[in-house]
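# What the coordinates show
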Amino acid sequence: MSEALIITPLCDREVPANLAISMTEIVDRGMIDLRGLPKDKKFMDAAKAALGVALPTEPRTSAQNGESLCLWMSVDQWLIVCPRKETAALLDKLNKALEGIFSLAVDMSDARSIIRLKGDRVRETLMKGSSIDFTQGGFEPGTVRRMLFGEIAAMVHVVSEEPDVFDLMVFRSYAHHAWDWVEATATKGSEVGFLKPAEAPAVV
Amino acid sequence: MLVITCPVCGVEGEEADFHCGGEAHITRPATENPEGISDEAQRDYIYMRKNPKGVHFERWRCDRGCGKWFHACRDTVSMEILGYYGITQKPPATLLKKADPLWQAHFEAQLKKAKS
Ligand SMILES: [Zn+2]
């Protein structure tokens, strides 16, 4: 059988040179939408057995097993992000484990686009497009936050800090809009600079 | 601008992060007796709203959080949100007491209808 050709939504976009942050499309991830009830012990146990890690039930958190991530999406929904090549096998494993249990696992790899943002200006750039204050606590690595970003539904996953690495996830059809928005708001010279303490005014 | 806290997932956000589903506790008449619905009952269901000045009950959705629906009690004058309760629940007695009497009448009528 020939290898499937995967065309990612932003494959024709070039990263502009004049950005205050770095921006790349993540192209090698598969995504599985998983739904079930956390109070159903059978569901939680089966999911844990298939994923190798317990599903996070604390809002806006994630769990990791090797290269596979379980991102909290709602009180009964998770997004499993794993290497694209392993998606089909993992989905199969999940569906087998969840047989007969009130749940749903679907391959949604082509539904979303992931844009990786990296650098000291990432929080500031995201704040230009959302109502969230990323300078406050609660955004340590592993945090997941759904939000309205640049007028569209989006989600960020905090990958690491210092330097900040945030994965911005948007629906595929909005990928170019999100890319354009970041491109426009993260241009060098557009820094707001409020994340660093202001210099004390000169004493006269 | 309202600042809302989702009672389901605990996320705090501004109005645009949520979606207002309008007045709460509206019963669709056709679910009970589709053939016997009068034009007036259908009109009231679709168009007639309480619109009180003061404490009001509304449905809201956590659009950019957990995606779940919930009920909120809001003062239409001060814009203050006085409390939240589950989407399948009736307002707590303490909030109902503060509301316009037409809300009390609304629930009494619903109760009467359920008994008959
Ligand atoms: Zn919520």
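Look up a bit, the structure's there.
Residues numbered from 1 in each chain as written. Chains lettered and ligands numbered in written order. Predicted model: local features only at pLDDT ≥ 70, side-chain atom pairs only at ≥ 80, totals over all residues. Heavy atoms only, no water.

### Description of the layout of surface pockets
Short version of the rule: A 1.4 Å probe that fits into a set of points on a 1 Å grid over the protein atoms alone but cannot get out defines a cavity; an open set with protein on both sides within 12 Å along at least five of seven lines defines a pocket, and lining residues are those with an atom within 4 Å of a point. Grid points are joined across faces, edges and corners, and a volume is the space filled by probe spheres set on the points. To qualify as a helix, a DSSP run of H or I must reach at least 4 residues; to qualify as a strand, a run of E must reach at least 2; elements of each kind are numbered from the N terminus. By the convention adopted, Pro, Cys, Tyr, Trp, Phe, Met, Ile, Leu, Val and Ala count as nonpolar, Lys, Arg, Asp and Glu as charged, and the other residues, Gly among them, as polar.
Space inside the largest pocket adds up to approximately 500 Å³. Around the largest pocket sit 18 residues that line it, and I26, T27, Y45, H106 and K113 of chain B are the ones nearest its centre. At the level of secondary structure, the elements contributing two or more residues to the lining of the largest pocket comprise helix 1 (39–47) and helix 3 (101–115) of chain B. Here the residues of the lining of the largest pocket sort into seven nonpolar, four polar and seven charged. Each pocket or cavity is described by its volume, and for the second largest pocket that value is around 340 Å³. Contributing to the lining of the second largest pocket are 18 residues, with I132, D133, F139 and R145 of chain A together with E12 of chain B lying nearest its centre. When residues in the lining of the second largest pocket are grouped by element, the largest group, three residues, is from strand 2 (residues 12–14) of chain B.

### Quick word on the interface of chain A and chain B
Rules: Note on contacts: a residue pair is in contact if any heavy atoms of the two residues lie within 4.5 Å. Buried area is a sum: the accessible area each of two parts loses on coming together, probed at 1.4 Å, counted once for each and added. The salt bridge definition used is simple: a Lys or Arg side-chain nitrogen within 4 Å of an Asp or Glu carboxyl oxygen.
The interface of chain A with chain B comprises 14 residues on the first partner and 14 residues on the second. Together, the buried faces of chain A and chain B total about 1,000 Å²; carbon and sulfur atoms form 48% of this surface. Three residues, S131, R146 and L148 of chain A, lead the burial of chain A against chain B; their summed loss comes to 42% of the area buried on that side. Between the two partners, chain A and chain B, sit one salt bridge. Residue D76 of chain A pairs with K68 of chain B through a salt bridge whose shortest N-O separation is 2.7 Å. It is strand 8 (residues 144–149) of chain A that provides the largest number of residues to the side of chain A that touches chain B, a total of four residues. Taken together, the residues of the side of chain A that touches chain B sort by class into seven nonpolar, two polar and five charged.

### As for the pattern of salt bridges
Residue and element names in this part refer to chain A. Taken as a whole and assessed by the stated rule, the structure comprises 18 salt bridges over all chains. Of the charged contacts, one joins R84 and D110 as a salt bridge, the two residues approaching to 3.0 Å between their closest N and O atoms. With R84 in the loop between strand 5 (77–83) and helix 2 (87–97) and D110 in the loop between strand 6 (103–107) and strand 7 (112–118), this pair connects stretches of sequence that are 26 residues apart.

### Details of the environment of Y47 of chain B
All names here are of chain B. Cut-off, in case you're wondering: Think of it in three bands: residues with accessible area under 20% of the maximum for their type are buried, residues over 50% are exposed, and the middle band is partly exposed, with areas taken using a 1.4 Å probe on protein chains only.
Here Y47 shows up in helix 1. The exposed category is assigned to Y47, whose relative accessible area is 63%. With 22 residues separating them in the primary sequence, Y47 and W69 have C-alpha atoms 22 Å apart.

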